[in-house]
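Analysis of the macromolecular model
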Amino acid sequence: MKVRSSAFASFVLIFEVLGVALFLRGFFPLPVKSSLSTKSRLEDLPVEPLSGGSPNSSHMPQPLFKRVVIMLIDGLREDFVFGTNGRMNMPYTRNLVEKGSTLSFVAKARIPTVTMPRIKAITTGSIPGFIDVVINLNSPALLEDSLLWQAKTAGKKMIFYGDDTWVRLFPKHFMEYDGTTSFFVSDYTEVDNNVTRHLDSTLKRDDWDILILHYLGLDHIGHISGPHSSLIQPKLLEMDNILTKIHNALFSKVAEESLPNLLILCGDHGMSETGSHGGSSEPEVNTPLVLISPAFKKKVGMEKPADVEQVDLTPTLALSLGLPISQNSVGRVIPSVLEGASLRDQLRFLHLNGHQLNCLLKDSIPDYEKESGFEQFRVAEKAHGNWMKRYLEGNTSEVLTNMGKKVWKQYLDALAAMSSALSKQMGKYDLYSMIAGMIFVFQLLLILLLAMPEALSGSAVVDLPLVSALLSLPFYLLCLLLASVHVLVCTSAESSCYLCSLSWGLVFTAIAFSSAMSCLLLAMMSRRLSSAPHLHGKSPSLISSSDWSLSELDVLLLAGTAGHTVTLAATSFVEEEHQTWYFLLSTLCLAVFQDVCRKYFREKSNPKSEEEEELVLTYKDSPKEEIYSEKWLALVTPPFVLLCCRLLRSLNQTGVQWVHLRDLGHWLNSSEHKVVLSLLSAFCLVLIYFLIQRRCSLVSKVALALGLLGVYNYRAAVSNVSFPWHHSGRNISKGTNEARFVYVFILGILFTGTKDLLRSQIITTDAKLKNRGLWEIFSGLVLLVSLLFRPHNLPVLCCSLLIQTLMTQFIWKKLHYDAAQTTIMHYWFGQAFFYFQGNSNNISTIDISVGFVGLDNYVEAPAIFLTALSTYAGPLLWACHLVCYLSSESNRSPVAVGHGCYCLALLRSVPTAAYIVLVTVLRYHLFIWSVFSPKLLYEAMHLLLTTAICLIFYTVEQSHTSTTP
């Protein structure tokens, strides 16, 4: 069965994406949860320990607080309150921290530091999985046991204002609420005013018990302009004034209350140095937690805040309000909050927390008896029983007090050990899905590699022995074997597997496909081995299609790509992967420079190849000035590319180790250098126009010019650059209309290019019309990317287009690089420009603010599309340029595009398969969550992008073949 190489690669890539999806489904674990289907209830609480005699009562101690106000400021970093600028940022709050009746802590949030997982952690005490990053875009209702469910069951009345993620998670818990979308990051004013406008009336009422306020403006400012923006301090002062209002209203009637009230100031996550969040850096995970109540002792000075886990707030609030602790909570009560209670009540609180953690430990860890915390809790519980016996006998000696303090300390040690053990048990992996996905991807990769000689031959056709594989006996035996394994796994697995939940028809289809791939792989291997003797026998027909000679550049490209794959086994190389690509790109420039020198500075009197003869003929037919200019421009191109790459490396610091260092991007974005940024942006937009307009039609040229002018107007409207014709007294819009103005021209250019491309396929066979359509679509994408990029990143786009132009004109064409070499070079440049943008393998570097350019409210589909397009703009534009370049080369054979498709498929498949094998074998938690999980998501997205590009390749190849006589 003969299949064209591009079609073969495209279909293999599609099924490989499905294999990666299956692997990811098993890799991202489900959070630790209790096996009990019911929720915690007051009647199910354990009794107080008592040695001898009748069992003691199972009562819950009296609540410590009557009403609670939770003021959650999204993106509030610890140093915004406790840092050196805390007195200027939030003076009233800082005064309470230093001299008021407060308890101050640094609450450490677990990764991923994204809003919805953090809300889950605060309300349930559990540690959400990394897959919640995706669920964060459309949060479903939270059905598991939570603090809010317990409060509602106990009859407490709750009010909420702020981020509507709470409303989606708890749709029927609040007696009154007003939600605001958290994803429209361009708004940092109304989103907070919508919360504050309810405060005056709500604080005067007495018909509520819990008030939750979630302010979003600070987080939105961070996404827009970073933590050092001039907008940060005014927003913090605004939050400080709101806290002042709540504090005065909440504690003005403290003498009339039977129990004191409690005000909590906290953040869900912090903010990185670039203003984003999601990763594991200190500014992202450290958040302030300030508890304010007359029940606490007044401070005498600023004390260093103690460290607590964010999940510790759940059991602390639950016990303080007289509620049971959520079943899935891994947090431990904060002991300093309980100091106002009697020693008996404190021990009872600790016992309830320990009993809940002990039950969760039994449900989550098979060998729970070997955990130190389990035994420590048993010892503490027994000591607690002895203390209770003496206490009930009326013993009031100091010995009893010291004994109680010892039990108190034993409980704290047991809680710490059990909480740590549960936190390490981040989730339960679906190993069956992981192994099945890994085998699936590995099979397809080996088939790609075995088909490489045929795919890159002159005919670009792959001969697949599919029929013989399906009719062979091993195929049926493998089907029976895999079906037996599936039945065995699904009937004996202790935990649920995703594949076991699928229908039998779908599962057996997958089994048959995997068996067919295995038999096909064996048939291709045997055929390759049987053809080896003929190669050694110098069969001309086989040598011409399969036996290649590798140049020095080929060795570099293959060794560099393979070397990058090997580096994925080291965590430090994954964290600093940009360094690998910068090194490979610099080496590539030097190798190309060597090829240029060999071509233009050699003796021309004795040509030894067809390329040399062509060069001599070119010299004879061309003017000497043109030959001289071409020679020196080709010679200057590699050093110029090297210089551009070096400058771009200084534009955006990325990675993990040096991301905190100041770079040119920070310098350009500072307010005192706004004029420099404006001039640089204007220059880059003009240069972009001249670089891409030459292949467009007249209509597209006009649309492109107006669109780039609109890009500058948009950036001026949002105050990123200076507006020369703007008067200071005039209000500047938020850029919605200006961005939509640009979208009109983007759609127009894309429509024109698509129309020309379709005409070349349906009405006429004009190759020039087809090429012009492809280049116009490329120009439309460039205009869209220039709109989405921050002004300081426009030089990245400008340099990308400039390098593409120079390499096309003086390197790839003049040095006659084949499709495989050109494809690998495009791949390297695309990967490097991904990091030149400031991206990294840390999810916090994703700029979600670009998802709302031109939108006046949150619309999920365009927001996701624009964010993904901006993040992967580098690889996307270089892959699209490769399509346009290979299809426009008139002197290339029709199989050139097929070569490019096949090489691109291999380039993305090899590191993805290697990475999947790596994480399947290792799976160590510390590195998986901080580095490996985001990297897996990036690999999956890159593979999806490659699949789309390969499908485009296939379409272009078919059109190229149909237009070639």
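Computed from a predicted structure; not experimentally measured.

For the rest of this paragraph, the subject is the side chain of Thr123. Along the chain, the position of Thr123 falls in helix α5 (residues 115-124). Taking relative accessible area as the criterion, Thr123 reaches 3% and is therefore assigned buried. At 2.8 Å, the side chain of Thr123 and the backbone oxygen of Ile119 are in polar contact. Once you skip the residues sitting within four places of it in the chain, Thr123 turns out to touch Leu142, Ser146, Leu147, Leu148, Trp166, Phe170, Thr314 and Ser326.

Bringing the nonpolar core into the picture now. With 150 residues, the main nonpolar core has Phe8 and Trp828 as its most contacted residues. Residues contacting Trp828, with those up to four places away along its chain left out, are Leu556, Leu557, Gly560, Thr561, Trp581, Leu584, Leu585 and Leu588. Leu72, Ile122, Leu291 and Ile334 belong to the second-largest nonpolar core, a separate cluster that totals 73 residues.

What follows is about the environment of Leu478. Checked against the element boundaries, Leu478 lands in helix α21 (residues 473-492). Taking C-alpha positions, Leu478 is 5.7 Å from Ser515, a pair spaced 37 residues apart along the chain. When sequence neighbours within four positions are dropped, the list of residues in contact with Leu478 reads Ser515, Ser518 and Cys519.

As a further point, take the environment of Gly753. For Gly753, the location among the structural elements is in helix α32 (residues 736-762). Residues in contact with Gly753, not counting those within four places in the same chain, are Gly773, Glu776 and Ile777.

Attention now moves to the confidence of the model for the chain. Residues with a pLDDT of 70 or more make up 86% of the chain, whose mean pLDDT is 82. Below a pLDDT of 50 lies the segment residues 535-547, which in the model reaches ten contacts outside its immediate sequence neighbourhood of four places, other chains included. Counted against residues more than four places away or in other chains, residues 924-928, with its pLDDT under 50, gives twelve contacts.

Let's shift gears to the state of the cysteines. Taken as a whole and assessed by the stated rule, the structure comprises one disulfide. Take Cys884: it sits in no disulfide, and the sulfur closest to it among the cysteines is that of Cys880, at 6.8 Å. In this structure Cys903 is a free cysteine whose sulfur lies 9.3 Å from that of Cys901, the closest cysteine sulfur available. Assessed through its relative accessible area of 8%, Cys903 is described here as buried.

Counted under the stated rule, the structure contains 25 aromatic pairs. Measuring from ring centre to ring centre gives 5.0 Å for Phe833 and Phe836, while their planes differ by 85°; the resulting arrangement is edge-to-face. Taken together, the positions of Phe833 and Phe836, both in helix α35 (residues 819-836) and three residues apart, correspond to about one turn of that helix. The burial state of Phe833 is the same as that of Phe836; both residues are buried. With 5.7 Å between their ring centres and 20° between their planes, Phe834 and Tyr872 make a pair best called stacked. Taken together, the residues span a long stretch of sequence, with Phe834 in helix α35 and Tyr872 in the loop between α36 (860-871) and α37 (873-888) at a distance of 38 residues. A relative accessible area of 1% means that Phe834 is categorised as buried. Chaining the aromatic ring pairs together yields one cluster made of Tyr582, Phe829, Phe833, Phe836 and Trp878. Stacked on the ring of Trp208, the Lys or Arg Arg67 has its end atom at 3.8 Å from the ring centre.

Put simply, α35 and α37 touch, their axes get as near as 7 Å, and they point 160° apart. One finds that α35 runs roughly antiparallel with respect to α37. α37 is crossed by α35, and the crossing has right-handed handedness. Of the residues in α37, those in contact with Ala819, Thr822, Thr823, His826, Phe829, Gly830, Phe833 and Phe834 of α35 are Gly874, Pro875, Trp878, His881, Leu882, Tyr885 and Leu886. Each residue belonging to the contact of α35 with α37 can be placed in one class, and the counts come to nine nonpolar, six polar and no charged.

What follows deals with the pattern of salt bridges. Across all of its chains, the model carries 23 salt bridges by this definition. Note that Glu282 and Lys108 form a salt bridge whose closest N and O atoms lie 3.9 Å from each other. Of this pair, Glu282 sits in helix α13 (residues 282-285) while Lys108 sits in strand β4 (residues 102-108); the two residues are 174 residues apart in sequence, bridging distant segments of the chain. Looking at Lys108, the relative accessible area reads 25%, which means it is partly exposed. For Glu577, the salt bridge identified is with Lys935, shortest N-O distance 2.6 Å. Residue Glu577 is found in helix α26 (residues 577-600), and its partner Lys935 is found in helix α39 (residues 925-963); the two are separated by 358 residues along the sequence. Relative accessible area serves as the criterion here: at 1%, Glu577 is assigned to the buried category. By relative accessible area, Lys935 is classed as buried at 2%.

Before going further, it helps to examine unusual backbone geometry. Phi at Ser719 is positive, roughly 65°, even though this residue is not glycine. Looking at the element boundaries, Ser719 is found in the loop between α31 (698-717) and α32. Exposure remark for Ser719: the relative accessible area of 42% places this residue in the partly exposed category. Of note, His816 is a non-glycine position whose phi angle comes to about 55°, a positive value. For His816, a relative accessible area of 29% corresponds to the partly exposed category.

Next up on the list: the pairing of strand β8 (residues 262-266). For β8, the tally of buried residues reaches five of five residues, placing the bulk of the element in the interior. Both faces of β8 are covered, namely the face carrying Leu262, Ile264 and Cys266 and the face carrying Leu263 and Leu265. Pairing analysis gives five bridges linking strand β3 (residues 68-73) to β8, with the strands arranged parallel. Looking across to β8, one finds that Leu72 is bridged to Cys266. Here β8 runs beside strand β9 (residues 286-292); their pairing, made up of four bridges, is antiparallel.

With respect to the element layout, Asn328 can be found in the loop between α14 (313-320) and α15 (343-364). For Asn328, a relative accessible area of 6% puts it in the buried group. Among the polar contacts listed, one links the side chain of Asn328 to the side chain of Glu144, at a separation of 3.1 Å.

With 26 residues, helix α38 (residues 896-921) extends 38 Å between its outermost C-alpha atoms, agreeing within 8% with the 38 Å of an ideal straight helix rising 1.5 Å per residue. Of all 26 residues making up α38, 22 are buried, and the element is well covered by its neighbours.

The buried count for β9 comes to seven of seven residues, which makes it a mostly enclosed element. Burial along β9 is two-sided: Asn286, Pro288, Val290 and Ile292 and Thr287, Leu289 and Leu291, pointing in opposite directions, are all buried. In this structure, β4 lies alongside β9, joined through seven bridges in antiparallel fashion. Each residue of the ladder has a partner; that of Val106, found in β9, is Pro288.

Reading the values: the criteria
- Residue positions are counted from 1 within each chain, in the order its sequence is given.
- Per-residue local features are limited, in this predicted model, to residues with pLDDT of at least 70; the limit for side-chain atom pairs, both in listing and counting, is 80 or more; totals at the level of whole chains, interfaces and linings are taken over all residues.
- Calculation of side-chain values draws on the structure's entire complement of heavy atoms; hydrogens and water are dropped beforehand.
- A run of H or I in DSSP counts as a helix once it spans at least four residues, and a run of E counts as a strand once it spans at least two, with each numbered from the N terminus.
- Only protein chains enter the accessibility calculation, which uses a 1.4 Å probe. A residue is then buried if its area is under 20% of the maximum for its type, exposed if over 50%, and partly exposed in between.
- Identification of polar contacts relies on pairs of N or O atoms within 3.5 Å, with a donor-acceptor requirement for protein atoms, meaning one able to donate a hydrogen and the other able to accept it, and with residues adjacent in sequence counted only if both atoms are side-chain atoms.
- Pairs of residues are marked as contacts when any of their non-hydrogen atoms sit within 4.5 Å.
- Here the nonpolar core consists of buried residues drawn from Ala, Val, Leu, Ile, Met, Phe, Trp, Tyr and Cys, with membership extended through side-chain atoms lying within 4.5 Å.
- The predictor attaches a confidence to each residue, and that confidence, scored 0 to 100, is pLDDT.
- Note on disulfides: each one is a pair of cysteine sulfur atoms within 2.5 Å.
- Stacked, tilted and edge-to-face pairs are distinguished by plane angle, under 30 degrees for stacked and over 60 for edge-to-face with tilted covering the rest, among Phe, Tyr and Trp rings (Trp via its six-membered ring) whose centres lie within 6.5 Å.
- Charge over a ring is defined by NZ of Lys or CZ of Arg lying within 6 Å of the ring centre and within 35 degrees of the ring normal.
- Fitting a line to C-alpha atoms yields each axis, with helices limited to the stretch in contact; the angle taken between N-to-C directions then spans 0 to 180 degrees.
- Roughly parallel means an angle under 35 degrees; roughly antiparallel, over 145; roughly perpendicular, 65 to 115; everything else is oblique.
- Handedness of a crossing is defined here by the sense of rotation of the near helix relative to the far one, left-handed for an anticlockwise turn of less than a right angle and right-handed for a clockwise turn.
- In this classification, the charged set is Asp, Glu, Lys and Arg, the nonpolar set is Ala, Val, Leu, Ile, Met, Phe, Trp, Tyr, Cys and Pro, and all remaining amino acids, among them Gly, are polar.
- For salt bridges, the criterion is a side-chain nitrogen of Lys or Arg within 4 Å of an Asp or Glu carboxyl oxygen.
- When DSSP locates at least two bridges between a pair of strands, those strands are taken to pair.
- By this rule the span expected of a helix is its residue count minus one, scaled by 1.5 Å.

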